[in-house]
Amino acid sequence: MIRIDSVTKRYPDGTVAVDRLSLEIPDRSITVLVGPSGCGKTTTLRMINRMIEPTEGTILIDGKDVMKQPVNTLRRSMGYVIQNAGLFQHRTIIDNIATVPRLLGWSKDKARERARELMGRVGLDGALAKRYPYQLSGGQQQRVGVARALAADPPVLLMDEPFSAVDPVVRKGLQDELLRIQEELGKTIVFVTHDIDEAVKIGTMVAVMRTGGKLAQFAPPAELLSA
Ligand code: ADP
Ligand code: ADP
């Protein structure tokens, strides 16, 4: 379980991005952080993998303070997916996905074999393996982003508006795919979006944040009060 305990983030310019946030993110579920632009969602996600340090409060993963773990160990336990997938433009699809296993010391063949398996898992045609990212559609690129994040089989996936840049039909397909992947692989997923419909569709638990970085509600979708 990821436990966010009374966390505040104040940036050096004085902006309070997150204000005494407490959340218990259950294992093997999708917890969605939803709210308007600027309400502190990305800041929260980045504090979980320590790209940013909290000003106050603690974040515990399975009881361990993220600030007291070696950062490499921590990052290895988390895949990260962002809006435009953030692929390496000069690497082929297969090698984008194989990057993390390679960094972990797998042989090139073994890493590519794993990458091929993951392409299947996220619904990508194997014929795309040798293409470069610019030769793929936005939806396909997001699938590559998800496959790459899954490559080292981390227990946790952090996803920051991963499907926002694709059209509504493709987006629905990606949401369905993510639900299927979550069910099959049992990952703990923290998913950021500004779209309440998306939150309700994919969330096991939904954390509604409001401007100023405060938590307004934290409930399963069926129990959310309409704002
Ligand atoms: P969201 O992901 O919900 O759009 P963010 O976490 O990106 O929100 O931002 C929360 C608030 O913190 C916003 O007011 C934003 O302008 C501010 N902010 C984000 N990053 C920085 C930074 N590096 N320095 C100062 N303010 C920041
Ligand atoms: P390099 O080691 O320089 O990447 P390789 O001869 O191993 O060269 O591969 C050349 C290109 O072919 C690579 O960029 C890679 O994307 C692609 N490739 C190699 N092996 C596979 C494979 N098993 N499946 C898909 N693409 C592959």
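Residues numbered from 1 in each chain as written. Chains lettered and ligands numbered in written order. Predicted model: local features only at pLDDT ≥ 70, side-chain atom pairs only at ≥ 80, totals over all residues. Heavy atoms only, no water.

The name an unreviewed UniProt entry gives the protein is Osmoprotectant transport system ATP-binding protein, with Streptomyces pseudovenezuelae as the organism. Quoted verbatim from the Sequence similarities (unreviewed entry) field of the UniProt record, the comment on the protein reads "Belongs to the ABC transporter superfamily." (UniProt positions renumbered as here; feature names shortened; annotations may be inferred.)

**Q** An account of the site of ligand 1 is needed here, citing residue identities and associated values.
**A** The local shell around ligand 1 consists of Y11, D13, T15, A17, P36, S37, G38, C39, G40, K41, T42 and T43. In the environment of ligand 1, an oxygen atom lies 2.8 Å from a nitrogen or oxygen atom belonging to the backbone of T42. Broken down by element, the shell around ligand 1 gets its largest block of residues, 3 residues, from helix α1 (residues 41-48). Among the residues making up the shell around ligand 1, the classes are represented as 4 nonpolar, 6 polar and 2 charged. (Near = heavy atom within 4 Å. Polar contact = N/O pair within 3.5 Å; in protein donor to acceptor, adjacent residues only side chain to side chain. Helix = DSSP H or I, 4+ residues; strand = E, 2+ residues; numbered from the N terminus. Nonpolar A, V, L, I, M, F, W, Y, C, P; charged D, E, K, R; others polar.)

**Q** So, the sheet that holds strand β3 (residues 30-34): which residues are in play, and what are the values?
**A** Pairing in this open sheet of 6 strands is mixed, and the strands run β6-β7-β8-β3-β9-β10 from one edge to the other. Both outer strands of the open sheet, β6 (78-81) and β10 (214-219), are each paired with one neighbouring strand and no more. Each strand axis lies, on average, 15° off the axis of its neighbour in the sheet, ignoring direction. Packed onto the sheet, helix α6 (residues 168-185) meets β3, β7 (156-160) and β8 (188-193) and runs at close to 160° relative to β8. (Pairing = 2+ DSSP bridges. Axes fitted to C-alpha atoms, helices over the stretch in contact; angles between N-to-C directions. Contact = heavy atoms within 4.5 Å.)

**Q** Account for empty space enclosed by the protein, with residues named and values stated.
**A** Sizing a probe to match a water molecule and rolling it over the atoms shows the empty space that remains. Per the stated rule, a full pass over the model turns up 1 cavity of 30 Å³ or more. Estimates place the volume of the largest cavity at around 50 Å³. What lines the largest cavity is V122, R143, V146, F163, L174, E177, L178 and I181. When residues of the lining of the largest cavity are traced back to their parent elements, those giving at least two are α5 (138-150) and α6. Sort the elements by how many residues they give to the lining of the largest cavity and α6 lands first, with 4 residues. Here the residues of the lining of the largest cavity are counted per class, giving 6 nonpolar, no polar and 2 charged. (1 Å grid on protein atoms, 1.4 Å probe; cavity = no way out; pocket = protein on both sides within 12 Å on 5 of 7 lines; lining within 4 Å. Points joined across faces, edges and corners; volume = space filled by probe spheres on them.)

**Q** Go over the layout of surface pockets with me, naming the residues and quoting the values.
**A** In this structure, the largest pocket encloses a volume near 560 Å³. Contributing to the lining of the largest pocket are 23 residues, with R75, M78, G79, Y80 and V100 lying nearest its centre. Only α2 (71-76), β6, α3 (93-103) and α5 provide two or more residues apiece to the lining of the largest pocket. At 4 residues, β6 tops the list of elements feeding residues into the lining of the largest pocket. For the lining of the largest pocket, a count of residues per class yields 14 nonpolar, 6 polar and 3 charged. Approximately 260 Å³ is the volume attributed to the second largest pocket. The wall of the second largest pocket is formed by 15 residues, among which I61, D62, S77, P155 and V156 lie closest to the centre. A per-class count over the lining of the second largest pocket returns 6 nonpolar, 5 polar and 4 charged.

**Q** Any chance you could break down the side chain of D19 for me, citing the residues and the numbers?
**A** Secondary-structure assignment places D19 in strand β2 (residues 16-25). Side chain to side chain, D19 and R20 meet in a polar contact 3.0 Å long. Setting aside anything within four residues of it in sequence, one finds D19 in contact with V7, T8, G212, G213 and K214.

**Q** Outline the nonpolar core, listing residues and values.
**A** Counting residues in each nonpolar core, the largest one holds 40 residues, and the members touching the most others are I97, M119, M159, L178 and F191. Contact partners of L178, with chain neighbours within four places excluded, come to I30, M159, F163, I189, F191 and I202. Counting 25 residues, the second largest nonpolar core, distinct from the first, contains C39, I52, L158 and V192. (Core = buried A, V, L, I, M, F, W, Y, C linked by side-chain atoms within 4.5 Å. Buried < 20%, exposed > 50% of the residue type's maximum accessible area, 1.4 Å probe, protein only.)

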